[in-house]
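# A closer look at the structure
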Amino acid sequence: MDARHAIPSPSASQAAMSESNRSHILDYLFRHGVSSRAEIAQVLALTPAAITKITARLIDAGIIRETGDIEGRKKRRSIGLSLANDTIHVIGVKFARSIVQIAVFDLAGTQLSLQTLPPVTERTIRTTLDQIRTGIQHLLDEDRHIIAVGMAVPGPYLRDVGRTAVVSSMEGWRKVNFLHEFAQRFRVPVFVEQDARAGALAHYLFDRTNTCEYLAYYLIGEGLGLGVIEHGRLIDGALGAATEIGHVSIDVHGRPCECGNVGCLERYCSAVAIHQEILTRGLVAGADTMNHEEACLALFAAADDGDRKAQELVQEVGRYVGYGCVTIFNMFNPRRIVIGDIVSQAGPRLLRAVRDVVNERAIPELNDATAISLSELSTDSAVSGGAAIAITHFLEHPSTFFDVPS
């Protein structure tokens, strides 16, 4: 019999069912906080006996804990359960073109530490990779609670191959295979995802005000990216390179892009493109010695201080960002678009320009049904997105990380 069509053994089916039940319990506790066994049993349609058995083994494994008495159903006293957030940690790593950050988070998404490495150049990529390995190993040696590493890398990221297909303005990153460099290096598993998709997961998991199942995270940093969540799942594509909005052309006669296309959105409103415009227009003194983020932040500060030419460029950038929003409306129809990373720091001025374009160009019904906001996560969305990737794998497959009997 073809192994692809083999009937699973009863023991394999039971193990899969046990893991699924564990995952559902952990996901419920992650999203709802302290809960009683009776509440979980009712919501998940499991028997009280099954819940008691599963939670006992999760407690023994150190994944969840009892929190003491809480008010249960019909005002009866019950013993609360919660995730062991403070004793389960993950590492999140952000790779941008020139910016690499490494942070440790607890299971609730709270940042415990953050390290920013020296700025990366084409010549220092290999040195940076060595620094990342050393930094991660040091954190693992210092903190035995760390169970996984999640990495957020520029897109389009070829998931099964392990590398990024195009990295405009710093092509040396294309030579890096993240799986070869990191997957087998540490005592804990390493997961890699495109940065904007990781950012979308960060907002879905860690933004406690979010109740939206149709969420788009629009990353506008040194590059552009998009992550889209539908019913709690990321849209990936066949190669893992879906939702790559930075290389959607907005001008078929426009600026050439290193991806081979012309008029790519990334060429008009990324931090790299804005920095080039700042230099061309002479808007910020000393911009030629600044990195992309520094130049953008100086521009935004000048605009806030009343500099008309700086305000005009921010307005222009906002319009291009708005063109991207209209494309997101039409391609994915989310309920909410969150704009994040470097360019989002232009603040309300940028958002007003975005909304002006959307009001002009979007289908009214889609416009009326879609909220657009700037990211309010306390940690950079790609860094916390790396953590979100790791936490998602833990919630879905807890026995990969802890010895939990079926």
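Residues numbered from 1 in each chain as written. Predicted model: local features only at pLDDT ≥ 70, side-chain atom pairs only at ≥ 80, totals over all residues. Heavy atoms only, no water.

### Overview of the overall build of the chain
The number of helices and strands found in the chain is 13 helices and 15 strands. Taken over C-alpha atoms, the radius of gyration comes to 23 Å for the chain, in line with the 22 Å a tight globule of 406 residues would show. For the C-alpha atoms alone, the extent of the chain along its principal axes is close to 70 × 50 × 50 Å. Counting the 406 residues in the chain, one finds 54% classified as buried. Residue pairs at least 24 apart in sequence account for 63% of intrachain contacts in the chain once pairs closer than 6 positions are excluded. In the form shown here, the chain has an accessible surface area of approximately 18,500 Å², with 51% of it arising from carbon and sulfur atoms. (Helix = DSSP H or I, 4+ residues; strand = E, 2+ residues; numbered from the N terminus. Rg over C-alpha atoms; globule rule 2.2 N^0.38 Å. Buried < 20%, exposed > 50% of the residue type's maximum accessible area, 1.4 Å probe, protein only. Contact = heavy atoms within 4.5 Å. Areas by Shrake-Rupley, 256 points an atom, 1.4 Å probe, with all protein chains shown as cover.)

### Considerations on the packing of helix 10 (residues 308–332) against helix 11 (residues 348–361)
Packing of helix 10 against helix 11 brings their axes to within 7 Å, and their N-to-C directions diverge by 45°. Taken together, helix 10 and helix 11 sit at an angle that is classed as oblique. Helix 11 is crossed by helix 10, and the crossing has right-handed handedness. The residues of helix 11 that touch helix 10, namely those facing Gln311, Val314, Gln315, Val317, Gly318, Arg319, Val321, Gly322, Tyr323, Cys325, Val326 and Phe329, are Arg349, Leu350, Ala353, Val354, Asp356, Val357, Val358, Glu360 and Arg361. Classifying every residue of the contact of helix 10 with helix 11 gives 12 nonpolar, 4 polar and 5 charged. (Axes fitted to C-alpha atoms, helices over the stretch in contact; angles between N-to-C directions. Parallel < 35°, antiparallel > 145°, perpendicular 65-115°, else oblique. Left-handed = near helix turned anticlockwise from the far one by under 90°. Nonpolar A, V, L, I, M, F, W, Y, C, P; charged D, E, K, R; others polar.)

### Some remarks on the side chain of His275
Tracing the backbone through its elements, the reader meets His275 in helix 8 (residues 271–281). Discounting chain neighbours no more than four positions away, the residues touching His275 are Ala287, Met290, Asn291, His292 and Ala295.

### Topic: the domain arrangement of the chain
If you check the domain split of the chain, you get domain 1 (12–83), domain 2 (89–201 + 383–400) and domain 3 (210–376). Computed from C-alpha atoms alone, the centre-to-centre distance between domain 1 and domain 2 is 31 Å. The interface is formed by 8 residues belonging to domain 1 together with 9 residues belonging to domain 2. Summed over both sides, the interface between domain 1 and domain 2 buries roughly 710 Å², with carbon and sulfur atoms accounting for 70% of that surface. Counting the contacts that link domain 1 with domain 2 gives 0 salt bridges. Put simply, domain 1 and domain 2 have 2 residue pairs in polar contact (both at pLDDT 80 or more) between them. (Domains from an automatic or database assignment. Buried area = accessible area lost by both parts, 1.4 Å probe. Salt bridge = Lys/Arg side-chain N within 4 Å of Asp/Glu carboxyl O. Polar contact = N/O pair within 3.5 Å; in protein donor to acceptor, adjacent residues only side chain to side chain.)

### Let's talk about the environment of Gln101
Tracing the sequence through the fold places Gln101 in strand 5 (residues 100–106). A C-alpha to C-alpha distance of 4.4 Å links Gln101 and Thr116, two positions 15 residues apart in sequence. Setting aside chain neighbours within four positions, we find Gln101 in contact with Gly92, Val93, Lys94, Leu114, Gln115, Thr116, Asp380 and Val383. Engagement of the side chain of Gln101 in a polar contact is seen with the side chain of Thr116, the distance being 3.0 Å.

### Considering the nonpolar core
Counting 52 residues, the largest nonpolar core has Ile63, Phe394 and Phe402 as the members making the most contacts within it. For this core, the element with the highest residue contribution is helix 13 (residues 381–396), accounting for 9 residues. Each residue touching Phe402, except ones within four places of it in the same chain, is listed here: Ala61, Ile63, Ile88, Ile147 and Phe394. Counting 50 residues, the second-largest nonpolar core is a separate cluster that includes Tyr218, Val314, Cys325 and Val358. (Core = buried A, V, L, I, M, F, W, Y, C linked by side-chain atoms within 4.5 Å.)

### What about the sheet that holds strand 4 (residues 89–95)?
Strand pairs in the sheet, formed through backbone hydrogen bonds, run parallel or antiparallel to each other. Sheet architecture is open: 5 strands sit in the order 6-5-4-7-10, paired in mixed fashion. Both outer strands of the open sheet, strand 6 (111–116) and strand 10 (190–194), are each paired with one neighbouring strand and no more. Each strand of the sheet is rotated relative to its neighbour by a mean of 20°, with strand direction disregarded. Pairing of strand 5 with strand 6, which is carried by 5 bridges, proceeds in the antiparallel orientation. (Pairing = 2+ DSSP bridges.)

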